[in-house]
Structures are given as C-alpha cells and as structure tokens.
Amino acid sequence: ERVIGQCIERRVRGAVVPTAVAGTGVDRDALVDRARRFGMRIIGPASMGIATGRVKGDPGPAATTEQVAVVEVAESSESSESSESSVGVQAALVPVELPAGNVAISLQSGSLGASLLQLASQMSMGISWFVSLGDKSDVSGNDLLQFWEDDERTSVIAIYTESFGNPRKFARIARRVSRRRPIVAVRTGAAALGTAAAALYQQAGLIEGPTVRAMLDTARVLSCQPVPAGPRVAILSNSRSPGVLAAAALQDVGLEVVPAPLQLDWRSDVDDYGPAVRAAVADPSIDVVLVMFAPPIMSARVPAQAIDAAAVGSSKPVVAVVLGRQDGPVCDGSAVPSFSFPEPAAAVLGHLVQYRRWLDTEAEATVADLDGVDPVAATAVIDAAIQAGHHAASIPDVEAVLRAYGVQVAGAELTDATDLDQVVGVAERVGYPVSLKAARRRAGRSAEAG
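The following refers to the structure shown. (Residues numbered from 1 in each chain as written. Predicted model: local features only at pLDDT ≥ 70, side-chain atom pairs only at ≥ 80, totals over all residues. Heavy atoms only, no water.)

So, about the environment of Pro317. Structurally, Pro317 can be placed in the loop between α10 (304-311) and β15 (318-322). With residues up to four places along the chain from it excluded, the contact list for Pro317 reads Gln225, Pro226, Pro228, Asp287, Val288 and Val289. (Helix = DSSP H or I, 4+ residues; strand = E, 2+ residues; numbered from the N terminus. Contact = heavy atoms within 4.5 Å.)

Now the structure itself:
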C-alpha cells in the first residue's frame, strides 16, 4: 500500500505489479479502489510485466508523459521503481528484446510469458505489445481489446485466457474488434469449461487454436498475409510424399485442393519455383498457394529467395513449407511465413478460411437485444427447486425457465396414465402432434416398445 501511495504522489498513471499478494495481508480490492480514485490503473498482481517490440536503434514509444511504475509489493516493501525510459516500454521481469511488428499478445499466466516470448523470437515474429495480465484485479482483457482496437501499430491480437470476468461484455467487444483486427485465442482452465465458451468465441469471430504454438502460428501468418477469399488451395511441391501429406491435412480442415497451373516435381530446381508461384497467384481459381520444398540432399539450395520474390504484392496468402528448417520467415525479411511440416500450415490455413466465412456471413449481422427477459423469475424457479432438494429439473420448471428467457416451448405433461384412453386424453389436452417418452426405462427400451 505504501508503494502505491508513493506512485499516486508522483502522479504515476499505470503500475505493473509482478508480486503475488496472496497470503501477504494486502487488500487487493482496496488497493485497486484507491489507485482508481487517483486515476491510476494496475496490471496484476502476479504479472510478468509489459513490453513493446522495437527495431534495433528505434526509440519506440517513450514512457515519459504517462509514467509506468513496476511495483514489487510485499509486507516489508517500501520502495518503488519508475521508468522514464526513452527506449519504449520495457517493464518485464525477463530481458525482453522484441522485434517490432503488428501482433499484440496478452496472457494471464506469468510463468508462460518467458517461454512464449522465446518462441516468438525464434520464429522472428514481430510484436507490437506484450502484456501479462496476472490476476486481472484491474486492467482486464476487455480493456486491452479496446486499446488495441484503435492502436495503429497492431493489426493482429493473440490472447491466452484462463477465466472470463464479464463474458457478455467480452463477446460484445471482441465481436466489434474482430471486424477490423483478427483475434487469435487459446482458452484453458475455467474459460475452457462447457460448450458455452466455444459458442461465445464463434459468435464473436475469434479464431480459436488448441495450443499456444498454434495461436502463435496463426497470428504470425495473419500478420504478414491477407485473409484468403475462399477455400481453394494449390499445392506446389518438388516431392510427392509431402504433397500427399499436405493434401490430406488440408482436406481434414475442410479446404479444397485444386491443381496448380505449373506443377513442380522431383526434377524441379530453384529456378522453377518463381514461375510456378507467380502462375498460381495469378490463377483466379486459386485462393491460397501452399509452396513446399523437400531438400533432395542435405546441401541442396533452398528456393527461399525465389518464393519470396514471386509472392511480393500477392493479394492471396502464400505460405511455405521447407522440410527440415526452423519455422519463421522463408528467408530473412520475407513476408512469406514458413513451416517445417505441412500439417501446422494446413491447420492455420483452415483457421484463416473459417475467419473469412465469419467476415462474409456473420460479422455485420445485427445481434438483437432480447425483450421480455426475466432473470429474476428464472432464478426464483431454480432456487425453489434447489431448496426442495431436487436433483433434476421438472418439466414445469424447465418450461418456466425457458419462458423467462423468451424461449417459446411446446406444452408438456407428466402423467401416470396406464391405458391407451388415458394417454389419448393427455395428448388431446397438450395438443397434437405429440411425442411420447417413457419416464422410467432403460436405454433402448422405448425403441423396443415401439
């Protein structure tokens, strides 16, 4: 509390709190309330820090006007350190040298941050912002989305989420941002429970990946390649087996493999790649070009420069696969992303085409506000059932909850009728057509009974 007080006196506008406050006796909520009253926002606690990518020698965005303090909070701490660096925002616990780029990354986990940044560096992935949110006691993922929505340095957003603060607000903001900037996401922990979160991501237009690596792969392709117009992919490969592997992987993600106008084969050399890529880019029946190279011998010359030159100015995504080489740009300074195997490349292209479908069919659709929704009535029904000791909802309870949320349902009635006339009487009260379901049965017995 003393350190935050010192920041307030110095008119610091933002504080990054790396230390976890659990068990320290620090009242986190009171800390945040006090900071906000004086116009200061807090990232953390338990944040690994924040950083911006920059070109070597480029001063980047200075932090002199609105200072950022990195605050270590502990019971015995009385010190604070404020940064007035002229070399951009570098307020992270690990040494950060991020190349400048257009991908903004946020995550909750502090321990994952160093590994994620190391992986991004290995792939020469340019970063505009890196933010470790930690406990999200104040600044949240929703805040970052709104900031990056108008950040000219950022064109792709990657987020790693373990929990939702306000899912409805998140969906509304993410849907708006996704129209302008693709959001690539990985969710785990509480954010991965149930099917509701998946539906929320889909409606908001988020591109969801299964792993952090897949998230970074998708983000780096989107950072330098256009979104494809359709699902038709041409494969250019000097080796049959990798081409077959790529075709199967593309079909698995719902894409269509189409023939390239100029085919490559085992006899193709470096000089054949440029014309083949240019012909595929110019073909109106092709939406994506996947160009592959399998070195026939270890010392074989890679056609990286030819691929890069042929892809310059393309309105279609051109993605390379160079077997046996590290993931990254196909050559230094190239906008063509390269993969070491075709399956991850195919998975990314599948994500890009799904995003295109969302942009074309759902992005501009109006999300209507529901009228006549009565959550109080629904809550009362559920509370009464719980207090009565019910372990499953009754038919009247289900109907009442659905109707409270504006969902019209067909009538239903539970009966102990034992003969046909009684069943017919119930059916007439409910109204035809009717569906009959046995309340006490073993699996399959209804079908056996006709």
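After that view, the rundown keeps rolling.
What follows is about the pattern of salt bridges. Enumeration according to the criterion identifies 16 salt bridges in this entry. The residue Asp143 makes a salt bridge to Arg41 at a minimum N-O spacing of 3.2 Å. Of this pair, Asp143 sits in helix α4 (residues 141-149) while Arg41 sits in strand β2 (residues 41-43); the two residues are 102 residues apart in sequence, bridging distant segments of the chain. According to the relative accessible area criterion, Arg41 is partly exposed, its value standing at 31%. (Salt bridge = Lys/Arg side-chain N within 4 Å of Asp/Glu carboxyl O. Buried < 20%, exposed > 50% of the residue type's maximum accessible area, 1.4 Å probe, protein only.)

Counting buried positions over the five residues of strand β10 (residues 183-187) gives five, a clear majority of the element. The alternating pattern of β10 places Ile183, Ala185 and Arg187 on one face and Val184 and Val186 on the opposite face, and all of these are buried. Two strands pair when backbone bridges link them, and strand β9 (residues 156-161) and β10 are joined in this way by five bridges, in the parallel orientation. In the sheet register, Ile157 faces β10, and the bridge partner there is Ile183. In this sheet, strand β11 (residues 207-208) lies alongside β10 in parallel orientation, the contact comprising two bridges. Each bridged residue has a counterpart across the sheet, and for Val184 the counterpart in β11 is Ile207. (Pairing = 2+ DSSP bridges.)

Below, the discussion takes up a negative patch on the surface. Together, Glu1, Asp27, Asp29 and Asp33 line one region of the surface with negative charge. Mapped onto the secondary structure, Asp29 falls in helix α2 (residues 28-37). (Patch = residues over 30% accessible without salt bridge, like charges linked within 9 Å, V, L, I, M, F, W, Y side chains within 5 Å. Areas by Shrake-Rupley, 256 points an atom, 1.4 Å probe, with all protein chains shown as cover. Lys, Arg positive; Asp, Glu negative; His and termini not counted. Charge placed at Lys NZ, Arg CZ, Asp CG, Glu CD.)

Side chains that are nonpolar tend, in soluble globular proteins, to be buried together. Residues Ile105, Leu116, Met125, Phe130, Leu216, Leu250 and Leu290 are the most contacted members of the largest nonpolar core, which totals 47 residues. Ranked by the residues each element gives to this core, the list is headed by helix α11 (residues 342-361), at eight residues. Non-local contacts of Ile105, meaning those with residues more than four positions away in its chain, are made with Leu116, Met125, Ile127, Trp129, Phe130, Val131, Trp148, Ala158 and Leu216. (Core = buried A, V, L, I, M, F, W, Y, C linked by side-chain atoms within 4.5 Å.)

What follows is about helix α1 (residues 2-9). Those residues of α1 that fall on the buried side of the exposure criterion are Val3, Ile4, Gly5, Cys7 and Ile8. Phi turns positive, to about 60°, at Arg11, one or two residues after α1.

Take the packing of aromatic side chains next. For the coordinates displayed, the defined rule picks out four aromatic pairs. With 5.9 Å between their ring centres and 75° between their planes, Tyr273 and Phe293 make a pair best called edge-to-face. You can see Tyr273 sitting in helix α9 (residues 270-282) and its partner Phe293 sitting in strand β14 (residues 288-293), a full 20 residues away along the chain. Its relative accessible area of 0% is what places Tyr273 among the buried residues. Between Arg187 and the ring centre of Tyr201, over which it is positioned, the NZ or CZ distance is 5.4 Å. Arg220 extends its terminal NZ or CZ atom over the ring of Phe339, reaching a point 4.3 Å from the ring centre. (Phe/Tyr/Trp six-rings, centres within 6.5 Å; stacked < 30°, edge-to-face > 60°. Lys NZ or Arg CZ within 6 Å of the ring centre and 35° of its normal.)

If you trace the six strands from one edge of the open sheet to the other, you get β13-β12-β14-β15-β17-β16, paired in mixed fashion. Edge positions in the sheet fall to β13 (256-258) and β16 (328-329), since each has one partner strand and no second. For strand β12 (residues 232-237) and β14, the ladder comprises five bridges, and the chain directions are parallel. Opposite Ser237, over in β14, you have Met292 as the bridge partner. Along the sheet, α9 makes contact with β12, β14 and β15, crossing β14 at roughly 165°. (Axes fitted to C-alpha atoms, helices over the stretch in contact; angles between N-to-C directions.)

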